[in-house]
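As a plain string of letters, each chain reads:
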Amino acid sequence: MTEIIEAIKRSAKRIAQEIQTTDFGYHEGTNESGEQQLKLDVRSDLIIEEELAQVSSIKLLASEEKSDPITINEEGRYLVGYDPLDGSSLVDTNLSVGSIFGIYEKSFNGPDLLASAYVVYGPRVELVTATIKAERFILQGDDFVYLQELALKDKGKINAPGGTQKHWYPHHKKLIQSLFEEGYRLRYSGGMVPDLHQILVKGGGLFSYPGTTDKPSGKLRKVFEVFPFANIYEKAGGNAIDDLGRRLLELPAHEVHETTPCFFGSSYEIQKVKEYYGQA
Ligand code: P6P
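Residues numbered from 1 in each chain as written. Predicted model: local features only at pLDDT ≥ 70, side-chain atom pairs only at ≥ 80, totals over all residues. Heavy atoms only, no water.

Caption draft 1: Representation of the environment of Thr260. Its location among the elements puts Thr260 in the loop between β14 (239-241) and β15 (262-265). Those residues in contact with Thr260, other than ones at most four positions away along the chain, are Tyr209, Ser217, Gly218, Leu220, Lys222, Val226, Asp242, Leu248 and Leu251. (Helix = DSSP H or I, 4+ residues; strand = E, 2+ residues; numbered from the N terminus. Contact = heavy atoms within 4.5 Å.)

Caption draft 2: Seen up close, helix α6 (residues 267-276). When we look at burial in α6, the residues that qualify are Glu269, Ile270, Lys272 and Val273. All buried residues of α6 lie within an arc of 155 degrees about the axis, which places them on one face of the element. Buried positions along α6 lie against α3 (170-181), β13 (205-209), β14 and β15. Following α6 by one or two positions, Gly278 adopts a phi angle in the positive range, close to 65 degrees. (Buried < 20%, exposed > 50% of the residue type's maximum accessible area, 1.4 Å probe, protein only. Arc of directions from axis to C-beta.)

Caption draft 3: Broad picture of the domain arrangement of the chain. Assigned domains of the chain: these are domain 1 (2-149) and domain 2 (158-276). A C-alpha centroid distance of 21 Å is found between domain 1 and domain 2. On the domain 2 side, the residues contacting the 41 residues of domain 1 number 29 residues. Between domain 1 and domain 2, a total of about 2500 Å² is buried, with carbon and sulfur atoms accounting for 63% of that surface. Where domain 1 meets domain 2, there are one salt bridge. One salt bridge in this structure joins Glu64 and Arg221, with 3.3 Å as the shortest N-O distance. Where domain 1 meets domain 2, there are twelve residue pairs in polar contact (both at pLDDT 80 or more). Put simply, the parts of the chain that give the side of domain 1 that touches domain 2 at least two residues each are β3 (58-63), β5 (78-86), β6 (97-105), β7 (113-121), β8 (125-130) and β9 (134-140). Counting residues per element, the side of domain 1 that touches domain 2 draws most heavily on β7, which supplies seven residues. Of the residues contributing to the side of domain 1 that touches domain 2, the split by class is 20 nonpolar, twelve polar and nine charged. (Domains from an automatic or database assignment. Buried area = accessible area lost by both parts, 1.4 Å probe. Salt bridge = Lys/Arg side-chain N within 4 Å of Asp/Glu carboxyl O. Polar contact = N/O pair within 3.5 Å; in protein donor to acceptor, adjacent residues only side chain to side chain. Nonpolar A, V, L, I, M, F, W, Y, C, P; charged D, E, K, R; others polar.)

Laid out in structure tokens, this is it:
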């Protein structure tokens, strides 16, 4: 596992450089989710593949930017699912973006996730890893230096509501409104990594990307985005559920690009989700 984290650190440093130099133009392809790929998406994916391919304990790599997993070492133990540059379309507005990694064993199902990590490329480059605990590191020179353990309080002040509001179901609209009526502050950039990182660092709140009338299964991908963050939020003392109130990490992924409605937050906010979704 340590070798994988070290490969993630090498990838993060290289991608941080690419963000500074690669143009924001579009690549000619689209990814499996039908999203147009930026040259940066393809470059970031290639960098991570190059670095992780050096780790002999890895059996399979699955990327959000590739249709199918690739085999690294038939005898390897770990499966790594990753989103190489989540929110990449925000780069040309100079907003923060990130890379997300899930480390699995046997399959890409939620229960088989062993550890996860993400990198935030913002005013600073930061890494958060979650094996036993959720731990935060900052890139200083060539090294990631330990900063702190991340812990969520029972209740926060941040509300990060994803999805197109005109497609929200009525009960979801009522949930979001109820938090604002309690005085929660809207904090939503459209980048999953910085939006979830902010709630972790500030100690609490709710990030939601629900099922909507146009996307009943939500938008965020289980293997590359949702399961890794669910692990991090739980290791920080929070909760991570779907629209039926189930722990996200108990869900299967029948194919690697599958999406799910998802809610990440402190215990108070997740209980409210269950109430408004009739799952309390
Ligand atoms: P919306 C970025 O494209 C992304 O995949 C996540 O980083 C982010 O949370 C979500 O989509 C934003 O989607 O529909 O709210 O713009």
